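# Residue-level structure breakdown
Residue strings, one per chain:
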Amino acid sequence: MFDVIIIGAGVNGAFVAYRLAKYQLKVLVIDKESDVCNETSGANSAIIHSGYDPDPKTLKAKLNVMGNSLYDEICHDLDVEFKRIGSITIACNEEEIAALDKLTNHAVANKVPFTILDEHQLREKEPFVTKKAKKALYAPTSGIINPFELCVALMENAMDNGVSLHLEEKVKQIIRVSEGFQVVTEQESYLTKIVVNAAGVFADEINNMVCPQLEKITPRKGEYLVFDHFTEPYVTHTLFSVPTSKGKGVLVSPSTHGNYLIGPSSTFIEEKDDESTTKETLNEVIEQAYRLVDYIPMNHLIRQFAGLRAYHESNDFVINQPIPGFINLLGMQSPGLASAPATSLEVEAMIKEKIDLVLKENYQKTRRPLYRLNKKTLAERNELIKRNSQFANMICRCEQISEGEIVDAIHRNCGARTIKGVKKRVRPGFGKCQGGFCEPLVMKILARELKIDMKDVRFNNKGSYILKNKTKGENDDRL
Ligand SMILES: Cc1cc2nc3c(=O)[nH]c(=O)nc-3n(C[C@H](O)[C@H](O)[C@H](O)COP(=O)(O)OP(=O)(O)OC[C@H]3O[C@@H](n4cnc5c(N)ncnc54)[C@H](O)[C@@H]3O)c2cc1C
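Residues numbered from 1 in each chain as written. Predicted model: local features only at pLDDT ≥ 70, side-chain atom pairs only at ≥ 80, totals over all residues. Heavy atoms only, no water.

### Things to note about the state of the cysteines
Inspection of every chain in the model, using the stated rule, returns zero disulfides. Counting only cysteine sulfurs, Cys37 is the nearest neighbor of Cys151, a cysteine outside any disulfide, at a range of 3.6 Å. Classification of Cys151 by relative accessible area gives buried; the value is 0%. For the unlinked cysteine Cys433, the closest cysteine sulfur is that of Cys398, found at 3.9 Å. (Disulfide = S-S within 2.5 Å. Buried < 20%, exposed > 50% of the residue type's maximum accessible area, 1.4 Å probe, protein only.)

So this is what it looks like as structure tokens:
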């Protein structure tokens with residue numbers, strides 16, 4: 001019998017697991033995917049919004065501002081890359097200036113620090129900003145984060161502290177029983193006192209398995225363009241358009257790894273697994289981005305992707321308990337990532353009303369830091385190489401990732417099991433060649449470390465094998 005089963009290992013599920021790990025509880029996280037952070041939490045703008053945007057009356061406003069303030073300590077403890085680079089919201093005409101003034105009122109009500117910039121101050125901060133820009137709202141507490149690293153670190157810490165994670169188990173049925181709930185997956189059946197539904201765009205389906213009040217989540221797709229890092233100066237803050245009813249609009253932003261992101265679009269769709277991109281939508285994204293900047297480095301474009309927002313008819317976050325012991329996280333669209341540290345505290349408080357939360361004596365607050373060879377000095381690298389020669393074998397030339405870092409990413413708690421899992425944890429394949437050079441080498445390391453055949457190495461979920469048969473010769477032994 002579990003105390004708590006969390007359905008979903010995105011940022012919300014991982015944060016709840018991290019919060020509960022410090023108590024003497026039996027906690028299980030279940031996800032249908034092959035890895036944590038495989039759905040919306042891994043396909044977003046990665047902005048820790050300051051909180052000036054949401055209407056002050058909403059739950060979004062409360063949790064965004066609180067969540068933002070909690071990130072420094074958590075990222076420090078868990079060794080997650082997070083930078084408070086500040087955001088600038090740009091108005092180019094009278095209508096947008098009026099909308100910016102409304103945002104200013106929200107910023108005051110939500111107690112978010114900000115400054116209003118005129119054209120000259122704006123251009124001093126961002127030389128590539130459009131010449132049409134008239135006025136801007138600068139929010140210094142806005143930040144950028146690596147969401148993959150965040151989810152993995154949260155789950156790793158939770159597992160270091162005794163939480164269990166079951167991947168590739170789809171929840172099919174939930175039955176109310178006298179002790180709480182029976183959660184039935186494609187493989188197993190578990191009893192639990194409490195269920196936390198953190199299933200993202202599928203949270204309505206989980207709710208509707210057991211709750212009399214039916215819910216509906218509609219996926220709203222956002223498409224992006226990703227640019228490689230380059231040495232010439234470009235944007236150093238997150239640049240936003242003035243938000244509209246469709247969302248925060250297109251942004252131009254650096255990422256924690258020095259890449260640049262342009263997007264997202266905003267379109268309601270039918271299918272919850274449709275993460276395709278189209279040339280037409282991406283062209284619209286580029287057009288929108290030219291309303292923010294006069295230059296887009298198209299020659300550095302390396303990929304595109306899409307993520308799905310979990311839209312609920314309230315257009316707000318809904319954290320409720322429709323039946324005792326069943327906690328829903330519904331409508332967790334943007335700023336769900338920024339809010340997640342605070343969302344998880346709300347869930348923890350709801351659980352506290354049901355079960356006595358007794359602290360563990362041997363709770364580990366931090367996780368072992370990553371090696372991050374590309375951030376180290378030559379002397380520090382040499383020191384590492386002396387201890388382990390795998391750090392001298394450069395596997396990803398674009399992102400400068402060594403074999404030692406990949407091996408470490410496989411053998412930690414919540415370790416990588418697939419090529420995408422390695423990519424999310426230590427970045428080989430994120431660079432200019434998009435895995436063209438490093439992917440076969442990563443496959444060999446995965447096969448060797450997991451003691452499986454090369455043919456059984458997957459890119460991501462079940463069935464996504466890369467190799468079918470050997471065509472000629474023996475394996476080369478470069479590794
Ligand atoms: C385009 C876009 C841009 C965004 N930008 C930002 C931003 O800049 N800042 C910000 O704060 N927020 C942003 N967001 C919102 C943020 O990404 C989300 O709020 C957050 O990622 C939601 O996390 P989650 O854990 O609730 O959902 P998810 O990450 O989707 O996780 C849900 C998990 O549940 C699992 N699951 C579902 N059904 C089942 C089942 N039956 N059995 C087992 N497992 C199941 C899924 O596999 C998945 O792993 C953006 C979202 C989008 C789409």
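### Considerations on the site of the ligand
Lining the immediate environment of the ligand, one finds 40 residues, of which Asp31, Ser41, Ile47, Met332 and Ala338 sit closest. At a separation of 3.1 Å, an oxygen atom of the ligand approaches a polar side-chain atom of Asn44. Contributing elements (two or more residues each) for the shell around the ligand: helix H1 (11-20), strand E13 (217-227), strand E18 (301-312) and helix H8 (336-352). Of the residues in the shell around the ligand, the class split is 19 nonpolar, 14 polar and seven charged. (Near = heavy atom within 4 Å. Polar contact = N/O pair within 3.5 Å; in protein donor to acceptor, adjacent residues only side chain to side chain. Helix = DSSP H or I, 4+ residues; strand = E, 2+ residues; numbered from the N terminus. Nonpolar A, V, L, I, M, F, W, Y, C, P; charged D, E, K, R; others polar.)

### Some details on helix H7 (residues 279-289)
All of the buried residues in H7 are Thr281, Leu282, Val285, Ile286 and Ala289. Here the buried residues of H7 occupy an arc of 145° about the axis, which is enough to place them on one side. Away from its buried face, by an angle of more than 90 degrees, H7 presents the exposed residues Glu280 and Glu287. (Arc of directions from axis to C-beta.)

### Section: the packing of aromatic side chains
Using the criterion set out here, one finds 15 aromatic pairs in the structure. A ring pair is formed by Tyr71 and Phe82, whose centres lie 5.7 Å apart and whose planes are at 40°; its orientation type is tilted. Pair noted here: Tyr71 is in helix H2 (residues 59-78) and Phe82 is in strand E4 (residues 82-83), with a separation of 11 residues, a long-range link. Pair check on accessibility: Tyr71 and Phe82 agree, each one buried. An angle of 85° between the planes, with centres 5.1 Å apart, marks the rings of Tyr234 and Tyr260 as edge-to-face. Of this pair, Tyr234 sits in the loop between E13 and strand E14 (238-241) while Tyr260 sits in strand E16 (residues 260-263), and the two are 26 residues apart along the sequence. Given the relative accessible area of 4%, Tyr234 is considered buried. With a relative accessible area of 10%, Tyr260 lands in the buried category. An aromatic cluster of at least three residues, connected via ring pairs, comprises Phe128, Phe230, Tyr234, Tyr260 and Tyr295. (Phe/Tyr/Trp six-rings, centres within 6.5 Å; stacked < 30°, edge-to-face > 60°.)

### As for the pattern of salt bridges
Opposite charge on two side chains makes pairing possible when the charged atoms of those side chains draw close. This model, assessed by the stated rule, comprises 30 salt bridges. For Lys131, the salt bridge identified is with Asp294, shortest N-O distance 3.4 Å. Remark: Asp294 occurs in the loop between H7 and E18 and Lys131 occurs in the loop between helix H4 (119-125) and strand E7 (135-139); sequence separation between them is 163 residues. Under the relative-accessibility criterion, Lys131 is labelled exposed at 65%. Among the residues examined, Asp294 registers a relative accessible area of 39% and is labelled partly exposed. (Salt bridge = Lys/Arg side-chain N within 4 Å of Asp/Glu carboxyl O.)

### Points about H1
In terms of burial, H1 is a largely internal element, 10 of the 10 residues being buried. Among the residues of H1, those classed as buried are Val11, Asn12, Gly13, Ala14, Phe15, Val16, Ala17, Tyr18, Arg19 and Leu20.

### A few points about the nonpolar core
Counting 57 residues, the largest nonpolar core has Ile6, Tyr71, Met155 and Ile351 as the members making the most contacts within it. At the level of secondary structure, the elements contributing two or more residues to this core comprise strand E1 (2-7), H1, strand E2 (27-30), H2, helix H5 (147-160), strand E12 (189-197), strand E20 (326-330) and H8. The element that contributes the greatest number of residues to this core is H5, accounting for nine residues. Ile351 has contacts with Val4, Leu20, Ile194, Val196, Ile327 and Leu357, leaving out every residue within four places of it along the chain. (Core = buried A, V, L, I, M, F, W, Y, C linked by side-chain atoms within 4.5 Å. Contact = heavy atoms within 4.5 Å.)

### Some words on a negative patch on the surface
A contiguous patch of negative charge, built from Glu270, Glu271, Asp273 and Glu275, is present on the exposed surface. Here Glu271 is to be found in the loop between strand E17 (267-268) and H7. (Patch = residues over 30% accessible without salt bridge, like charges linked within 9 Å, V, L, I, M, F, W, Y side chains within 5 Å. Areas by Shrake-Rupley, 256 points an atom, 1.4 Å probe, with all protein chains shown as cover. Lys, Arg positive; Asp, Glu negative; His and termini not counted. Charge placed at Lys NZ, Arg CZ, Asp CG, Glu CD.)

### Overview of the domain arrangement of the protein chain
The domain architecture assigned to the protein chain consists of domain 1 (80-144 + 218-306) and domain 2 (373-456). Just the C-alpha atoms count here: the centres of domain 1 and domain 2 sit 32 Å apart. Across the contact, seven residues belong to domain 1 and eight residues belong to domain 2. Taken together, both faces of the contact between domain 1 and domain 2 bury some 670 Å²; the carbon and sulfur share is 41%. (Domains from an automatic or database assignment. Buried area = accessible area lost by both parts, 1.4 Å probe.)

### Notes on the pairing of strand E10 (residues 171-177)
Relative to strand E11 (residues 180-185), E10 is paired through six bridges, and the arrangement is antiparallel. Its bridge partner being in E11, Ile174 is matched across the sheet by Val183. The turn linking E10 back onto E11 is made up of two residues. (Pairing = 2+ DSSP bridges.)

### Things to note about the environment of Glu287
Inspection of the secondary structure assignment puts Glu287 in helix H7. Taking the relative accessible area as the measure of exposure, Glu287 reaches 57% and is therefore exposed. Sequence spacing of Glu287 and Val250 is 37 residues, and the spatial spacing of their C-alpha atoms is 9.6 Å.

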